[in-house]
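Structural characterization, general
Each chain, letter by letter, is given below.
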Amino acid sequence: MRFLFFTFILSMTVACTTKQNTSDENSSEAKKTDLFLASDFTEPGEFTSGIEGPAFHSDGMLYLVSFGADGTIGKVDQEGNASLFVNLPEGSTGNGIRFHSDGSMLIADYTGHNVLRIDMETKEISIYAHNENMNQPNDLAISSSNILFLSDPDWTNNTGNLWKVDLGGNIILLEENMGTTNGVEVSPDDNVLYVNESVQRKIWVYDLSPEGNISNKRLFYEFEDFGLDGMRCDKKGNLYVTRHGKGNVVILSPEGKLLNEVLMTGSKPSNIAFGSKDGKTCFITLQDRGCVETFETNIAGREW
């Protein structure tokens, strides 16, 4: 009897363990299928067609431009509720946003030829950098040492420039007469700078020095159709590129290999940022829908 009872208990234990393992596997597989599937994060139409920015702050909020009207900065909580953060000074219109290591917000002001700075506690707005020779500051990237890089397109003539702002707030021209410079990003190790040209559909890569100087320019990737907009790197160096007009986000390896294409609901994604507690949620601004879409990825953004 004891032997039979022991055999019964053992078989039940194995069955329960097998069921638990199967359940875990199914849960794991279900979780995998949730990756790279876009869904709405904010209500359509809450932002104008100028929706851009986006950047995730340590306060758990997503910040982006053009909430309700151009010339504003909006914020979105973790449940997708959007509200006004600040109105920019008259004559200023925001585009790309990045955060300085001191927590302050840096904004490309394309109508004021500025990079603006906002104190997140007092909401005081100041000019971080200014140059009248810039066409229209568009997108920003920032190194771990707070050197800022900005694209500067001239859409009328399909050309553009690339600038940096050093730690003293000095604006220095790195390259002029490029294509329509738009998305810009620094690699996780600060050794590489990526810059794309929207109309020409090319992404260029440079070696990057600790002082923020560029060299060894080479073509990283070229697309056959549609435009390019904002870009971000994950912590392994993969580059996420918004395809304006095509309605997707392309993921490229550090070697320039196409890894994935994530389909959006809208057709005009303008920029992307990583966020959430683990940094594995991508937030994408959609100009044709005036909202933010989101998808989960398996690798956190480079800030994490």
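What you see is a predicted model, and the numbers here were worked out from it, not measured in a lab.

This part covers the overall build of the protein. Scanning the protein from N- to C-terminus turns up 1 helix and 24 strands. Scored against the burial criterion, the 304 residues of the protein give a buried share of 52%. Nonlocal contacts in the protein, meaning residues at least 24 apart in sequence, comprise 43% of its contacts between residues at least 6 apart.

In this section: unusual backbone geometry. Here Asp 190, not a glycine, exhibits a phi torsion of approximately 65 degrees, which is positive. Among the secondary structure elements, Asp 190 is positioned in the loop between strand 14 (181-186) and strand 15 (192-197). You will see that Phe 226, though not glycine, has its phi angle at about 60 degrees, which is positive. Turning to its location among the elements, Phe 226 is positioned in the loop between strand 17 (214-222) and strand 18 (231-233).

Attention shifts here to the confidence of the model for the protein. Taken as a whole, the protein shows an average pLDDT of 91; of its residues, 89% reach a score of 70 or greater. The low-confidence segment residues 1-31 (pLDDT under 50) makes 0 contacts with residues lying over four places distant or belonging to another chain.

What follows concerns the packing of aromatic side chains. Applying the stated criterion across every chain, the model contains 10 aromatic pairs. A ring pair is formed by Phe 56 and Phe 283, whose centres lie 6.1 Å apart and whose planes are at 10 degrees; its orientation type is stacked. With Phe 56 in strand 2 (residues 47-56) and Phe 283 in strand 23 (residues 281-286), this residue pair connects regions lying 227 residues apart in the sequence. Taken individually, Phe 56 and Phe 283 each receive the classification buried, so the pair is uniform in this respect. Clustering of aromatic rings is evident, with ring pairs tying together Phe 41, Phe 56, Phe 283 and Trp 304. The ring of Trp 204 has Lys 217 sitting right over it, with the charged end atom 4.5 Å from the ring centre. One Lys or Arg, Arg 243, reaches over the ring of Phe 223 and ends 4.0 Å from the middle of that ring.

Within the fold, Arg 98 resides in strand 6 (residues 94-99). Separated by 3.1 Å, the side chain of Arg 98 and the backbone oxygen of Leu 140 make a polar contact. Polar contacts involving the side chain of Arg 98 include one to the side chain of Glu 185, which spans 3.3 Å. The contact partners of Arg 98, leaving out residues within four places of it in the chain, are Ser 104, Met 105, Leu 106, Leu 140, Ala 141, Ile 142, Val 184, Glu 185, Met 231, Arg 232, Arg 302 and Glu 303.

For the rest of this paragraph, the subject is the sheet that holds strand 2. The pairing of strands in a sheet comes from backbone hydrogen bonds and takes either a parallel or an antiparallel form. Strand order across the open sheet formed by 4 strands is 2-3-4-5, with antiparallel pairing between neighbours. Across the chains shown, the open sheet's two edge strands, defined by having one partner strand only, are strand 2 and strand 5 (82-87). Adjacent strand axes in the sheet meet at a mean angle of 30 degrees, parallel and antiparallel pairs treated alike.

With that out of the way, let us pick up the environment of Asn 146. Within the fold, Asn 146 resides in the loop between strand 10 (140-142) and strand 11 (148-154). Along the backbone, Asn 146 and Ser 101 are 45 residues apart, and their C-alpha atoms lie at a distance of 6.8 Å. Those residues in contact with Asn 146 that sit more than four places away from it in its chain are His 100, Ser 101, Tyr 128 and Leu 167. At 2.7 Å, the side chain of Asn 146 and the side chain of Ser 101 are in polar contact.

What follows deals with the pattern of salt bridges. Scanning the entire structure with this criterion turns up 9 salt bridges. Residue Arg 302 pairs with Glu 185 through a salt bridge whose shortest N-O separation is 3.5 Å. Residue Arg 302 is located in the segment after strand 24 (291-296), and its partner Glu 185 is located in strand 14; the two are separated by 117 residues in the primary sequence. With a closest N to O distance of 4.0 Å, Asp 225 and Lys 246 form a salt bridge.

Read from one edge of the open sheet, 4 strands run 1-24-23-22, paired in antiparallel fashion. This sheet does not close on itself; its edge strands, each paired only once, are strand 1 (39-40) and strand 22 (269-275). The pairing of strand 23 with strand 24 spans 6 bridges and is antiparallel. Residue Cys 282 lies in a different strand from strand 24, and its bridge partner there is Phe 295.

What counts as what
- Residues numbered from 1 in each chain as written.
- Predicted model: local features only at pLDDT ≥ 70, side-chain atom pairs only at ≥ 80, totals over all residues.
- Heavy atoms only, no water.
- Helix = DSSP H or I, 4+ residues; strand = E, 2+ residues; numbered from the N terminus.
- Buried < 20%, exposed > 50% of the residue type's maximum accessible area, 1.4 Å probe, protein only.
- Contact = heavy atoms within 4.5 Å.
- pLDDT = per-residue confidence, 0-100.
- Phe/Tyr/Trp six-rings, centres within 6.5 Å; stacked < 30°, edge-to-face > 60°.
- Lys NZ or Arg CZ within 6 Å of the ring centre and 35° of its normal.
- Polar contact = N/O pair within 3.5 Å; in protein donor to acceptor, adjacent residues only side chain to side chain.
- Pairing = 2+ DSSP bridges.
- Axes fitted to C-alpha atoms, helices over the stretch in contact; angles between N-to-C directions.
- Salt bridge = Lys/Arg side-chain N within 4 Å of Asp/Glu carboxyl O.

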